[in-house]
Protein chains: 2
Amino acid sequence: MARSKRGVRFPARRNSNELSGSEGRRSSFSDVSEDGSSRAKDALKATLEPVEEKPPTPEDQKAEYEKKKANFWTRTIWTLIMIAGFFIALFMGHIYIIAIVTAVQIISFKEVIAIANVPSRARSLKSTKSLNWYWLATTMYFLYGESVIYYFKHIVLVDKVLLPLAHHHRFISFILYVFGFVFFVASLQAGHYKFQFTNFAWTHMALYLIVVQAHFVMNNIFEGMIWFFLPAALVITNDIWAYICGIAFGRTQLIKLSPKKTVEGFVGAWIMTVIFGMLLCNLMMRSKFFICPVNDLGANIFTGLECDPNPVFLPRTYEIPQFFFLPSYPTTTITFAPLQLHALVLASFASLIAPFGGFFASGLKRSFKIKDFGDSIPGHGGMTDRMDCQFIMGFFAYMYYHTFIAVYKASVGSVLETAITRLGYDEQVELVKSMCRYLGNQGVVPEELAACIEFATRA
Amino acid sequence: MARSKRGVRFPARRNSNELSGSEGRRSSFSDVSEDGSSRAKDALKATLEPVEEKPPTPEDQKAEYEKKKANFWTRTIWTLIMIAGFFIALFMGHIYIIAIVTAVQIISFKEVIAIANVPSRARSLKSTKSLNWYWLATTMYFLYGESVIYYFKHIVLVDKVLLPLAHHHRFISFILYVFGFVFFVASLQAGHYKFQFTNFAWTHMALYLIVVQAHFVMNNIFEGMIWFFLPAALVITNDIWAYICGIAFGRTQLIKLSPKKTVEGFVGAWIMTVIFGMLLCNLMMRSKFFICPVNDLGANIFTGLECDPNPVFLPRTYEIPQFFFLPSYPTTTITFAPLQLHALVLASFASLIAPFGGFFASGLKRSFKIKDFGDSIPGHGGMTDRMDCQFIMGFFAYMYYHTFIAVYKASVGSVLETAITRLGYDEQVELVKSMCRYLGNQGVVPEELAACIEFATRA
């Protein structure tokens, strides 16, 4: 059973130090649980063109080398094409980037669900396929709706047609989902249960790993182009540098799952990514097109955007502390924008954690005995192969931005209005007492509220 | 292959009209994709005690009848025990009900992940098991935290220890999740990929179907006992009536998945559930313990709760319209609380849609060739067997309540949250002074704020 699969090519396997003998290689492929449906296996075998295993001759090695070289160039050229296309979209405006992210998520979703659908080619379960797209449409309706309602309140809430849709958005999405659920249960067919449930679970995983995470990337775009571009660029940079450093210095295998990855590449790429992140920030901070939230969807790099920049973009002066173990030196100060420090954190996540998204994808491909998720990008494989680390990075950037960077402003007037109009008298008194207690707990007691605070903390 | 599985007993199968011959029965079991790991099958076979298939003799039929009768009584007695225990907890207060829901969700989660874990008994992947519990803990930390922060703002946000936890709650939860993710990828072992990824997907499905939905049930409890009790009681009533009507009039099979279910039971139960829902509402509306949100966690049926009731609980007078096709009649009015109409919708969902949650669970059990999820409740099977329809019902009740019933008044907690998180220090002081000035201007000066008010109005 394992034998028939051994032929699937993992190019770098031969260079691995860990598994030198044929026996070692075989054991790493003999996955006990892989005895899935035999039809699935036949289908896979047909797609993957199994190669007979023979001891490599010098000709083989030369051919292998030539192939690797050719692959390197295809990959490099397509990397450059993608980067160019991406930059053009970037400068054309947020709408174009949103369109690209949407396309990427749909292609990735298609690739990922196709993996679990292999057995269905031999079956006639059309309902499963339609249902997969229905789940995607429902999820996208829900998530895009959430974003639009959140970022375009001022438009949505005054529009007669959109208002009821917005008010009931979550309920409508829920009902759409329940329809799908009922349809799924009604379409269950004896003899296909396991396939149908596996498909259900698989589609939900794809929705969660791809579509939900892409939603966070989308929201990053709305918060300002930099919060989308910086994380994405860090992952790409890290990937390129890991490739370069790996080829230049790579000796030690990092993780069995991805035999191409080396420790040298991993560490080298981290250092380069941090440096690159710092430089990129320095550059992007100068343009309001990058740092302002989207308040005008028609904006591009030439028209620009206007806003009061978030404080992280404003240079601040830090005093270098005196270290007790060093002889005292004159006080020195250093001036930079806090964003530089945040870029350090983001670059480290992109280098140290995001690659695990890639390892996860590698493991998934291994468990299905496939080399790539698809072949949409020459030299790179499927869209998902290129995007595996982007999704978790975008999610992290979203969480990090909203926790440590976003400034949620309210005015004294608006809070006062809410308190006066929407709270009863007793609640208003309660509010003042709680505020006094809070201010007291913060340690700084303003003279004019001393009596109030004293009373509140005493009670 | 299919043959070795045919012995698994589905008691009502013999009564099914659809599948009378042995051939029909066989075809419904020959699930093409069920050839999972052979170890898994061995383990399952051992657990399920396969029975040899023979044409039923009169003795067999009598034994079968006796067994069904015994099962009926065990089931009825345990139904009554559960109902009694449930009512005691109900009257003791919200904390006890929350504890029960928490226990139910943990037991259900354990049962569901145990199904996919069968193969691991033969393997030594301890990491998988620990990881499953880690996901559960992380998810519960996140969801309970969300509820506590939302409903107990006024306590959490003034507490020195809890405040930073609350401020960074989502980020902390995300980091906990990322840790689990990295650990999962690092623990991937060659030869176990497929099992580990299946487990990953399966655990996430269980988290989503059980833990996330239980979170909504939890929030229903906080909104008022009725929003938890009414949906739960409707599902239980529907279940009991479907059983009674099915035994009394059941002739036509409803769905192949659940051969015990009949069309007569389904329709009869719907009618009875709607009637029951109306009566139950009428009863519960009289008690503020049921209709008030939890503003005091120590409350029980004897101490009661106090609040301004939501308008849906207040009787309203409706005018019966004149229908053009009827002779005109004197204007008639009818008075009832809007809740009665909402109960109609909830009862219909509980009767028509929620059972699909049960069919879903039945299909899942079929695809794994098991009869019950466990044996925690005598006569009923596992906890999940009893709760399968409750989760989706709780989710619906949550969505319905928040869309059509909830009245969003500002609470002290929410205003406090805005003031603390979105105002600067100076603005907070300014807000307290303004509030004091406002309260002073209103003429009624509460003793405890006298000093603050005097200062504010003097300045």
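Residues numbered from 1 in each chain as written. Chains lettered and ligands numbered in written order. Predicted model: local features only at pLDDT ≥ 70, side-chain atom pairs only at ≥ 80, totals over all residues. Heavy atoms only, no water.

What to know about the state of the cysteines
Residue and element names in this part refer to chain A.
In step 1: With the rule as written, the count across this model stands at two disulfides over all chains.
In step 2: Sulfur-sulfur distance for the disulfide between Cys292 and Cys307 comes to 2.0 Å. Disulfide Cys292 to Cys307: torsion about the S-S bond roughly -85°, handedness left-handed. You can see Cys292 sitting in the loop between α12 (288-291) and β1 (316-319) and its partner Cys307 sitting in the loop between α12 and β1, a full 15 residues away along the chain. Accessibility assignment for this pair places Cys292 and Cys307 in one class, buried.
In step 3: No disulfide involves Cys245; its nearest neighbouring cysteine sulfur is the one of Cys389, lying 16 Å away. (Disulfide = S-S within 2.5 Å. Helix = DSSP H or I, 4+ residues; strand = E, 2+ residues; numbered from the N terminus. Buried < 20%, exposed > 50% of the residue type's maximum accessible area, 1.4 Å probe, protein only.)

Focus: the domain arrangement of chain A
In step 1: Here chain A is described as being made up of domain 1 (63-125 + 189-323 + 331-405) and domain 2 (412-457).
In step 2: Just the C-alpha atoms count here: the centres of domain 1 of chain A and domain 2 of chain A sit 45 Å apart. (Domains from an automatic or database assignment.)

A short note on unusual backbone geometry
In step 1: Unusually for a residue other than glycine, A:Lys369 sits at a positive phi of about 60°.
In step 2: Structurally, A:Lys369 can be placed in the loop between α14 (354-367) and α15 (383-405).

Brief notes about the environment of A:Leu165
All names here are of chain A.
In step 1: You can see Leu165 is positioned in helix α7 (residues 162-167).
In step 2: Sequence spacing of Leu165 and Ala450 is 285 residues, and the spatial spacing of their C-alpha atoms is 49 Å.
In step 3: Leave out the neighbours within four places in its chain, and Leu165 touches Tyr141 and Ile172. (Contact = heavy atoms within 4.5 Å.)

Section: the UniProt feature "transmembrane region" (unreviewed entry) in chain A
In step 1: In this numbering, the UniProt entry assigns the feature "transmembrane region" (unreviewed entry) to residues 72-91, 131-151, 171-188, 200-218, 224-244, 265-285 and 339-361 of chain A.
In step 2: When the span residues 200-218 of chain A is considered, its composition is 100% helix and 0% strand, and the gap between its end C-alpha atoms is 25 Å. (UniProt positions renumbered as here; feature names shortened; annotations may be inferred.)

Here we look at the interface of chain B and chain A
Where interface size is quoted, it is often the accessible area lost as the parts come together.
In step 1: In this assembly, 91 residues from chain B lie in contact with 90 residues from chain A.
In step 2: For the interface between chain B and chain A, the tally reads zero salt bridges.
In step 3: The interface formed by chain B and chain A contains two residue pairs in polar contact (both at pLDDT 80 or more).
In step 4: Listed by contribution, the elements that provide at least two residues to the side of chain B that touches chain A are α2 (38-48), α8 (169-186), α9 (193-223), α14 (354-367), α15 (383-405), α16 (412-422), α17 (425-441) and α18 (450-458) of chain B.
In step 5: When residues in the side of chain B that touches chain A are grouped by element, the largest group, 13 residues, is from α17(B).
In step 6: Of the residues contributing to the side of chain B that touches chain A, the split by class is 58 nonpolar, 19 polar and 14 charged. (Salt bridge = Lys/Arg side-chain N within 4 Å of Asp/Glu carboxyl O. Polar contact = N/O pair within 3.5 Å; in protein donor to acceptor, adjacent residues only side chain to side chain. Nonpolar A, V, L, I, M, F, W, Y, C, P; charged D, E, K, R; others polar.)

Some thoughts on a nonpolar patch on the surface
Residues and elements named next belong to chain A.
In step 1: Residues Ile88, Met92, Ile95, Tyr96 and Leu297 make up a contiguous nonpolar surface patch of roughly 450 Å² in combined accessible area.
In step 2: Among the secondary structure elements, those contributing two or more residues to the nonpolar patch are α3 (58-92) and α4 (94-117).
In step 3: Relative to the helices and strands, Met92 is located in helix α3.
In step 4: Here Met92 falls in the partly exposed class, since its relative accessible area comes to 40%. (Patch = residues over 30% accessible without salt bridge, like charges linked within 9 Å, V, L, I, M, F, W, Y side chains within 5 Å. Areas by Shrake-Rupley, 256 points an atom, 1.4 Å probe, with all protein chains shown as cover.)

Section: the packing of helix α5 (residues 126-151) of chain A against helix α8 (residues 169-186) of chain A
Residues and elements named next belong to chain A.
In step 1: With their axes 10 Å apart at the nearest point, α5 and α8 run at an angle of 170° to one another. What the angle tells us is that α5 and α8 run roughly antiparallel. On the side of α5, the interface is formed by Ser127, Leu131, Tyr134, Trp135, Thr138, Tyr141, Phe142, Gly145, Glu146 and Ile149, while α8 contributes His169, Arg170, Ile172, Ser173, Leu176, Tyr177, Phe179, Gly180, Phe181, Phe183 and Phe184.
In step 2: By residue class, the composition of the contact of α5 with α8 is 13 nonpolar, six polar and two charged. (Axes fitted to C-alpha atoms, helices over the stretch in contact; angles between N-to-C directions. Parallel < 35°, antiparallel > 145°, perpendicular 65-115°, else oblique.)

Some points on the packing of α8(A) against α15(B)
In step 1: At a closest axis distance of 9 Å, the pairing of α8(A) and α15(B) adopts a crossing angle of 155°. In terms of their interaxial angle, α8(A) and α15(B) are classed as roughly antiparallel. Regarding α8(A) and α15(B), the two cross each other, and that crossing is left-handed. The residues of α15(B) that touch α8(A), namely those facing A:Arg170, A:Phe171, A:Phe174, A:Ile175 and A:Phe181, are B:Ile392, B:Phe395, B:Phe396, B:Met399, B:Tyr400, B:Thr403 and B:Phe404.
In step 2: For the contact of α8(A) with α15(B), the per-class residue count stands at ten nonpolar, one polar and one charged. (Left-handed = near helix turned anticlockwise from the far one by under 90°.)

With respect to the packing of aromatic side chains
Two measures describe an aromatic ring pair: the distance that separates the ring centres and the angle between the ring planes.
In step 1: All chains considered together, the criterion is met by 74 aromatic pairs over all chains.
In step 2: Ring plane angle 80° and centroid distance 5.3 Å describe the contact between A:Phe72 and A:Trp73, whose orientation is recorded as edge-to-face.
In step 3: Ring pairs connect the aromatic residues A:Phe171, A:Phe174, B:Phe216, B:Phe349, B:Phe395, B:Phe396, B:Tyr398, B:Tyr400 and B:Phe404, which therefore count as one cluster.
In step 4: One residue, A:Arg75, lies across the ring of A:Tyr243, its end atom 4.8 Å from the ring centre. (Phe/Tyr/Trp six-rings, centres within 6.5 Å; stacked < 30°, edge-to-face > 60°. Lys NZ or Arg CZ within 6 Å of the ring centre and 35° of its normal.)

Considering the confidence of the model for chain A
All names here are of chain A.
In step 1: Looking at chain A as a whole, its pLDDT mean stands at 79, while 81% of the residues score no less than 70.
In step 2: Confidence, expressed as mean pLDDT per element, reaches its minimum in chain A at helix α1 (residues 22-29) with 33 and its maximum at helix α13 (residues 339-352) with 95.
In step 3: Two summary scores accompany this predicted model of the complex, namely pTM at 0.77 and ipTM at 0.77. (pLDDT = per-residue confidence, 0-100.)

A short note on the side chain of A:Thr384
All names here are of chain A.
In step 1: Assignment of secondary structure puts Thr384 in helix α15.
In step 2: For Thr384, a relative accessible area of 6% translates into the label buried.
In step 3: Among the polar contacts made by the side chain of Thr384, one reaches the side chain of Glu111 at a distance of 2.5 Å.
In step 4: Excluding residues that lie within four positions of it along the chain, Thr384 makes contacts with Ser108, Glu111, Val112 and Phe373.

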